[in-house]
Amino acid sequence: MSKNFHLVISAAREFAQLQRPSFSQKMQFQDLLLAYLDNLPSEDITSICNILASCTHVPRSLVMKLCKQDAGICRALLLTSSVLQDADLLELIEGTERLDHARIVARRTSLPPSVSAQLRVLVDDKVDRALDLRQRPLFLAEPGGEVSGQIGDETVESTFLDLCVEDNDILIYTAFADHLGLNLISCKTLCTDLTSRNLPTAMRYLNLSEETAWRLYRRLAKSE
């Protein structure tokens, strides 16, 4: 069975790389994934969601099915999938039982007014903070070059250490966004402009150890 699970992940990678898949190819992939979905380990479903997050030709119904998994599993889709339409986002954030989904949706780089309004109705501090920070400028050190304060604990350290071996850059951008209180676009700029002083300044602000900071820098350099 584990071999079959591996084949499903491989099929997701191959499907995501297709340039212009036919309707038949889309349906075949959807049927394959749905046939195994209920039995797939959560970490495999997470991997599939990460693979499909930037895929523009994945069937919308399949994306919605995946987005109804636990928020931690489908995070990448909720955050970045362009397949999700306004009505889909509204459905996914409806009800307090999907508050974790709403908190992730609130961090999307582009939200229609109807979704933003519905998110405000939830009256949740984390949702409101994400919405308020959407236009916040890129993190910078103080004029004197010193960091204005520091945060960080073992949880922050372990989070970024784990991300050093993660294939999906979006998860790294999101971790910076979560801990620095920035929007995703700013954090993508932070992580991709390796010649800027902003990245080392941000890592100092997070109080990352020298080892973790160096491993994270090397990991980001591989994406360039």
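Attention in this report is confined to the structure presented alongside it. Predicted model, so just to flag it, every value in this text is computed and none were measured. (Residues numbered from 1 in each chain as written. Predicted model: local features only at pLDDT ≥ 70, side-chain atom pairs only at ≥ 80, totals over all residues. Heavy atoms only, no water.)

What follows concerns the overall build of the protein chain. When its secondary structure is counted, the protein chain shows 14 helices and 0 strands. The linear arrangement of helices and strands in the protein chain, starting from the amino end, is α-α-α-α-α-α-α-α-α-α-α-α-α-α. A buried classification covers 46% of the 224 residues belonging to the protein chain. Pairs at least 24 residues apart make up 67% of the contacts formed inside the protein chain by residues separated by at least 6 positions. About 12100 Å² of surface is accessible on the protein chain, with carbon and sulfur atoms providing 48% of the total. (Helix = DSSP H or I, 4+ residues; strand = E, 2+ residues; numbered from the N terminus. Buried < 20%, exposed > 50% of the residue type's maximum accessible area, 1.4 Å probe, protein only. Contact = heavy atoms within 4.5 Å. Areas by Shrake-Rupley, 256 points an atom, 1.4 Å probe, with all protein chains shown as cover.)

Moving on, we come to the environment of Thr 212. Topologically, Thr 212 is positioned in helix H14 (residues 210–222). Residues Thr 212 and Glu 157 lie 55 residues apart in sequence; the distance between their C-alpha atoms is 7.4 Å. Excluding residues within four positions of it along the chain, Thr 212 makes contact with Glu 157, Phe 160, Leu 161 and Cys 164.

With that out of the way, let us pick up unusual backbone geometry. The phi angle at Val 123 is positive, at roughly 50°, despite the residue not being glycine. Inspection of the secondary structure puts Val 123 in the loop between helix H8 (113–121) and helix H9 (125–132). The residue Asn 207 is not glycine, and still its phi comes out positive at about 60°. Within the secondary structure, Asn 207 is located in the loop between helix H13 (198–205) and H14. Residue Asn 207 is classed as partly exposed on the basis of its relative accessible area of 43%.

The next thing to look at is the nonpolar core. If you look at the biggest cluster of nonpolar residues, it comprises 70 residues, and the most contacted ones within it are Leu 52, Val 58, Leu 66, Leu 119, Phe 160, Phe 176 and Leu 216. Per-element accounting of this core gives the leading share, 8 residues, to helix H11 (residues 169–180). When near neighbours in sequence (up to four residues on either side) are disregarded, Leu 66 contacts Leu 33, Leu 37, Ile 45, Cys 49, Leu 52, Cys 74 and Leu 77. (Core = buried A, V, L, I, M, F, W, Y, C linked by side-chain atoms within 4.5 Å.)

What follows deals with the packing of aromatic side chains. Considering all chains together, one arrives at 3 aromatic pairs under this definition. Ring centres of Phe 15 and Phe 29 lie 4.4 Å apart, and the angle between their planes is 10°; on these two criteria the pair is classed as stacked. Linking Phe 15 in helix H1 (residues 2–17) with Phe 29 in helix H2 (residues 23–37), this pair joins segments that are 14 residues apart in sequence. Side by side, Phe 15 and Phe 29 carry an identical accessibility label, which is buried. (Phe/Tyr/Trp six-rings, centres within 6.5 Å; stacked < 30°, edge-to-face > 60°.)

Let us look at the layout of surface pockets. Computed from the structure, the largest pocket encloses a volume of approximately 430 Å³. Lining the largest pocket are 13 residues, with Ser 47, Asn 50, Ile 51, Asp 167 and Asn 168 sitting closest to its centre. Elements that contribute at least two residues to the lining of the largest pocket include exactly H1 and helix H3 (42–52). Of the residues forming the lining of the largest pocket, the biggest block, 5 residues, is contributed by H3. A per-class count over the lining of the largest pocket returns 3 nonpolar, 6 polar and 4 charged. (1 Å grid on protein atoms, 1.4 Å probe; cavity = no way out; pocket = protein on both sides within 12 Å on 5 of 7 lines; lining within 4 Å. Points joined across faces, edges and corners; volume = space filled by probe spheres on them. Nonpolar A, V, L, I, M, F, W, Y, C, P; charged D, E, K, R; others polar.)

So, about helix H10 (residues 154–163). When we look at burial in H10, the residues that qualify are Val 156, Glu 157, Phe 160 and Leu 163. One face of H10 carries all of its buried residues, which in axial projection span an arc of 130°. Residues Glu 154, Thr 155 and Asp 162 are exposed on H10 and point more than 90 degrees away from its buried face. Buried residues belonging to H10 abut H11 and H14. (Arc of directions from axis to C-beta.)

We now examine the side chain of Asn 50. With respect to the secondary-structure elements, Asn 50 resides in helix H3. Since its relative accessible area comes to 15%, Asn 50 is described here as buried. Setting aside chain neighbours within four positions, we find Asn 50 in contact with Ala 76, Glu 166, Asn 168 and Leu 171.

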